[in-house]
There are 4 protein chains.
Amino acid sequence: MVDSAAYYIDDLEVGMSAVFGKTITEADILMFSGVSGDTNPVHLDEEYAGSTMFEGRIAHGILVGSLISTVLGTRLPGPGAVYVSQSLKFMAPVRAGDTVRARVTVTEVEVEKKRVKLDTGCFIGDRAVVTGEAVLMVRRRPQPKE
Amino acid sequence: MVDSAAYYIDDLEVGMSAVFGKTITEADILMFSGVSGDTNPVHLDEEYAGSTMFEGRIAHGILVGSLISTVLGTRLPGPGAVYVSQSLKFMAPVRAGDTVRARVTVTEVEVEKKRVKLDTGCFIGDRAVVTGEAVLMVRRRPQPKE
Amino acid sequence: MVDSAAYYIDDLEVGMSAVFGKTITEADILMFSGVSGDTNPVHLDEEYAGSTMFEGRIAHGILVGSLISTVLGTRLPGPGAVYVSQSLKFMAPVRAGDTVRARVTVTEVEVEKKRVKLDTGCFIGDRAVVTGEAVLMVRRRPQPKE
Amino acid sequence: MVDSAAYYIDDLEVGMSAVFGKTITEADILMFSGVSGDTNPVHLDEEYAGSTMFEGRIAHGILVGSLISTVLGTRLPGPGAVYVSQSLKFMAPVRAGDTVRARVTVTEVEVEKKRVKLDTGCFIGDRAVVTGEAVLMVRRRPQPKE
């Protein structure tokens, strides 16, 4: 087993939760701009961004949302799960220097369908900056042969 | 005006469309892993990934979805628009070397509410790999003073 | 058409202008050092750089000049143009935190030769930090068949 | 002395030469796109680039030219020299996987004016891909007090 953190659908229960935290830096914003190609000046140009309602550069919303994928793919359910869908609501801006904590909580488990639904959110302290919902397919625990 | 590609809500019409294309490389997957912290072995470990249903490493779904944000933030509606929400359905895996084209198409415009809805998708050739829907707030065209 | 911002040589006129702005960060200087291999301590070593006439680390001149290439390649003339030459004069240092605006202005158009010359400069506010001139080849507008 | 490779203007002679070589990778192109903001599809989108005269993605010309700055700033004349100007002619495309060697050769030394001119070029094997000329200011050797 590559990663002992991975769960089978049989192991998941409503209410289980996991977290991943990361400080968003200038370097994250720059590298994400390169990977996505998103050079919107609200992320890269302080003079422009300072003239907007955000009053300065902000991180890409999808960069922040990607931390949710990190928890799902590495902790709960972990490797082996297949990402089916993700919804994201962008509630508040995140800036370089902010520490964001992504939290996922199991809300529905359908063992036969191998399908789990999770409430997903990103927080700075207690304040939600991204919210949403994820659905994944998770394999069943191998059954002992009779 | 920093970017002449930016639209006002008054300029948007149902059916308007824009595209951004990018070839996903090993470097994209590596840098996205660094930025997101998502070290799921299905993205990074060929031996592990080869043993899964994907039969080899795949790009992060959110990395692929980020190209949608690029079209929205740089072309349609362009800089100045505020990202409200994005839904993503992950339809098929993307691998290093695949060229992905993100396309967004306006489906609803509410001028008074300054709100636009777009159909969003990522494609390899004609095949959808990510689908979804975006909502953004877009400022009104400045009115001439009487 | 991939990028509607691209111009044909037939569309270009003396005086046309475009701009791209970006805040130069520590991360830009670091990543540019990695890509170029330019580990000159005036860019990376605050103690050394503090002892020079620059009194602190400065960005690579070519990093700053690269913003000119960005305007040329993405806005004016845009994708499809072929970069023939670029001259750069380094007028003043740029530091992490400075917002630089690259501006290009068409100064000569030779439609038959498919050749455009542009005045190119990078500015912090009104102050030029890099100046120079660019030449590009730009394709002709496809002619309707008779 | 931080870097023993640095020369004083008094030490420079016409014909002196130095070289820096680097293999350009997908990662270089991606990171340079982020730093410069240059998302021209000829660098990032294999489908688009394949339809151009380049028949595939190419590195940014300024990325290739940046290797010249590396030789100047780290080897000849080395740290402490001040970059005055650089001209670049883009002769041939460079692709991920190509190993480029930047070579600079002193062509003029004006000791009193503390000014050196160098012939500068980037090569793949014997083939020039970028050519040009650089001018730098180089400090005088400290004189022993009488």
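Because the structure is a prediction, the values reported are computed rather than measured.

## Brief notes about the overall build of chain A
A tally of helices and strands in chain A yields 4 helices and 5 strands. Its helices and strands taken in sequence order, chain A reads β-α-α-α-α-β-β-β-β from the N to the C terminus. A burial count over chain A gives 53% of its 146 residues as buried. The long-range share in chain A, meaning contacts at least 24 apart out of those at least 6 apart in sequence, stands at 68%. Here chain A contributes 16 positive and 19 negative side-chain charges, whose respective centroids are spaced 6 Å apart.

## Quick notes on the sheet that holds strand β5 (residues 127-137) of chain B
In spatial order, the strands read β1(A)-β3(A)-β4(A)-β5(A)-β2(A)-β2(B)-β5(B)-β4(B)-β3(B)-β1(B); together these 10 strands make up an open sheet with antiparallel pairing. This sheet does not close on itself; its edge strands, each paired only once, are β1 (17-23) of chain A together with β1 (17-23) of chain B. Adjacent strand axes in the sheet meet at a mean angle of 20 degrees, parallel and antiparallel pairs treated alike. The sheet contact formed by strand β4 (residues 115-124) of chain B and β5(B) spans 10 bridges and is antiparallel. Bridging from a neighbouring strand, B:Thr120 pairs with B:Gly132 of β5(B). Where helix α1 (residues 26-36) of chain A meets the sheet, it contacts β1 of chain A together with β1 of chain B, and its direction lies at approximately 100 degrees from that of β1(B).

## As for unusual backbone geometry
Residue and element names in this part refer to chain A. Residue leucine 76 is joined to proline 77 through a cis peptide bond whose omega torsion reads 5 degrees. Tracing the backbone shows proline 77 in the loop between α4 (61-74) and β2 (82-90). Backbone geometry places glutamate 55, a non-glycine residue, at a positive phi of 55 degrees. Of note, glutamate 55 is situated in the loop between α3 (46-50) and α4.

## Concerning the interface of chain D and chain C
Quite often, the size of an interface is put as the accessible area lost when its parts meet. With 36 residues of chain D in contact, the opposing surface of chain C contributes 36 residues. Taken together, both faces of the contact between chain D and chain C bury some 3100 Å²; the carbon and sulfur share is 67%. Its largest share of buried area at the contact with chain C, chain D owes to D:Val35, D:Ile62 and D:Phe90, together 19% of the area lost on that side. The tally of links from chain D across to chain C stands at 0 salt bridges. Linking chain D with chain C are 16 residue pairs in polar contact (both at pLDDT 80 or more). Going through the elements one at a time, β1 (17-23), α1 (26-36), α4 (61-74) and β2 (82-90) of chain D are the ones with two or more residues in the side of chain D that touches chain C. The dominant element in the side of chain D that touches chain C, judged by the number of residues it contributes, is β2(D), at 9 residues. A class-by-class count of the residues in the side of chain D that touches chain C yields 18 nonpolar, 14 polar and 4 charged.

## With respect to the relation of the copies chain D and chain C
When chain D is brought onto chain C, the operation consists of a screw motion whose angular component is 180 degrees and whose axial shift is 0.0 Å, with 0.1 Å RMSD remaining. Taken together, these values place the two copies in the relation of a two-fold axis. Closest approach to the rotation axis among the C-alpha atoms of chain D is made by D:Ser87, whose C-alpha sits 2.1 Å away. A share of 100% of interface residues in chain D that are also interface residues in chain C marks the association as one of identical surfaces.

## A few points about helix α4 (residues 61-74) of chain C
With 14 residues, α4(C) extends 21 Å from end C-alpha to end C-alpha; this agrees with the ideal 20 Å at 1.5 Å per step. Where burial is concerned, most of α4(C) is hidden: 13 out of the 14 residues are buried.

## Considering the interface of chain A and chain D
Each partner contributes to the interface: chain A provides 5 residues, whereas chain D provides 5 residues. Each partner contributes to the roughly 420 Å² buried at the junction of chain A and chain D, and carbon and sulfur atoms together form 78% of this total. Summed over the three residues of chain A that lose the most area to chain D, namely A:Leu30, A:Gly34 and A:Thr39, the buried surface amounts to 69% of that side. Viewed at the interface, chain D and chain A are joined by 0 salt bridges. Here chain A and chain D share 0 residue pairs in polar contact (both at pLDDT 80 or more) between them. Among the residues making up the side of chain A that touches chain D, the classes are represented as 2 nonpolar, 3 polar and no charged.

## So, the confidence of the model for chain A
Taken residue by residue, chain A gives an average pLDDT of 94. The fraction at 70 or more is 96%. With a pTM of 0.92, the predicted complex shows an ipTM of 0.93.

## Examining the nonpolar core
Counting residues in hydrophobic clusters, the biggest one holds 147 residues, and the most contacted among them are A:Ile68, B:Ile68, C:Ile68 and D:Ile68. The contact partners of A:Ile68, leaving out residues within four places of it in the chain, are A:Tyr83, A:Gln86, A:Leu88, A:Ala102, A:Val104, A:Thr120, A:Gly121, A:Cys122 and A:Val130.

## Some words on the relation of the copies chain A and chain D
With an RMSD of 0.0 Å, chain A superimposes on chain D once it is rotated by 180 degrees and translated 0.0 Å along the axis. Of the interface residues in chain A, 100% have counterparts in chain D that sit at the interface too, so the contact is made through matching surfaces.

## Examining the pairing of strand β5 (residues 127-137) of chain C
Residue and element names in this part refer to chain C. In this sheet, β5 lies alongside strand β2 (residues 82-90) in antiparallel orientation, the contact comprising 8 bridges. Directly across from leucine 88, in β5, lies its bridge partner glycine 132. Counting the residues that bridge the hairpin from strand β4 (residues 115-124) to β5 gives 2 residues, and of these glycine 125 lies at a positive phi of roughly 60 degrees.

## Observations regarding the sheet that holds strand β3 (residues 99-110) of chain D
The sheet built from 10 strands is open, its strands ordered β1(C)-β3(C)-β4(C)-β5(C)-β2(C)-β2(D)-β5(D)-β4(D)-β3(D)-β1(D) with antiparallel pairing. Looking at the sheet topology across the chains shown, the edges are occupied by β1 (17-23) of chain C together with β1 of chain D. Strand-to-strand twist across the sheet, computed as the mean angle between neighbouring axes with direction ignored, equals 20 degrees. Bridge analysis of β1(C) against strand β3 (residues 99-110) of chain C gives 7 bridges, and the strand direction is antiparallel. Residue C:Thr23 lies in a different strand from β3(C), and its bridge partner there is C:Thr99. Running over the sheet, helix α1 (residues 26-36) of chain C touches β1 of chain C together with β1 of chain D and is turned about 100 degrees from β1(D).

## Observations regarding the pairing of β2(D)
The pairing of β2(C) with β2(D) spans 5 bridges and is antiparallel. Within β2(D), the position partnered with C:Ser85 by the bridge is D:Lys89.

## Concerning the state of the cysteines
Disulfides are covalent bonds that link the sulfur atoms of two cysteine residues. Evaluation of the coordinates by the stated rule reveals 0 disulfides over all chains. Unpaired in this structure, A:Cys122 has its nearest cysteine sulfur neighbour in B:Cys122, at a distance of 20 Å. In this structure A:Cys122 comes out as buried when scored by relative accessible area, which is 0%.

Calculation criteria
- Residues numbered from 1 in each chain as written.
- Chains lettered and ligands numbered in written order.
- Predicted model: local features only at pLDDT ≥ 70, side-chain atom pairs only at ≥ 80, totals over all residues.
- Heavy atoms only, no water.
- Helix = DSSP H or I, 4+ residues; strand = E, 2+ residues; numbered from the N terminus.
- Buried < 20%, exposed > 50% of the residue type's maximum accessible area, 1.4 Å probe, protein only.
- Contact = heavy atoms within 4.5 Å.
- Lys, Arg positive; Asp, Glu negative; His and termini not counted.
- Charge placed at Lys NZ, Arg CZ, Asp CG, Glu CD.
- Pairing = 2+ DSSP bridges.
- Axes fitted to C-alpha atoms, helices over the stretch in contact; angles between N-to-C directions.
- Buried area = accessible area lost by both parts, 1.4 Å probe.
- Salt bridge = Lys/Arg side-chain N within 4 Å of Asp/Glu carboxyl O.
- Polar contact = N/O pair within 3.5 Å; in protein donor to acceptor, adjacent residues only side chain to side chain.
- Nonpolar A, V, L, I, M, F, W, Y, C, P; charged D, E, K, R; others polar.
- Least-squares fit on C-alpha atoms with pLDDT ≥ 70 in both.
- Expected span 1.5 Å × (residues − 1).
- pLDDT = per-residue confidence, 0-100.
- Core = buried A, V, L, I, M, F, W, Y, C linked by side-chain atoms within 4.5 Å.
- Disulfide = S-S within 2.5 Å.

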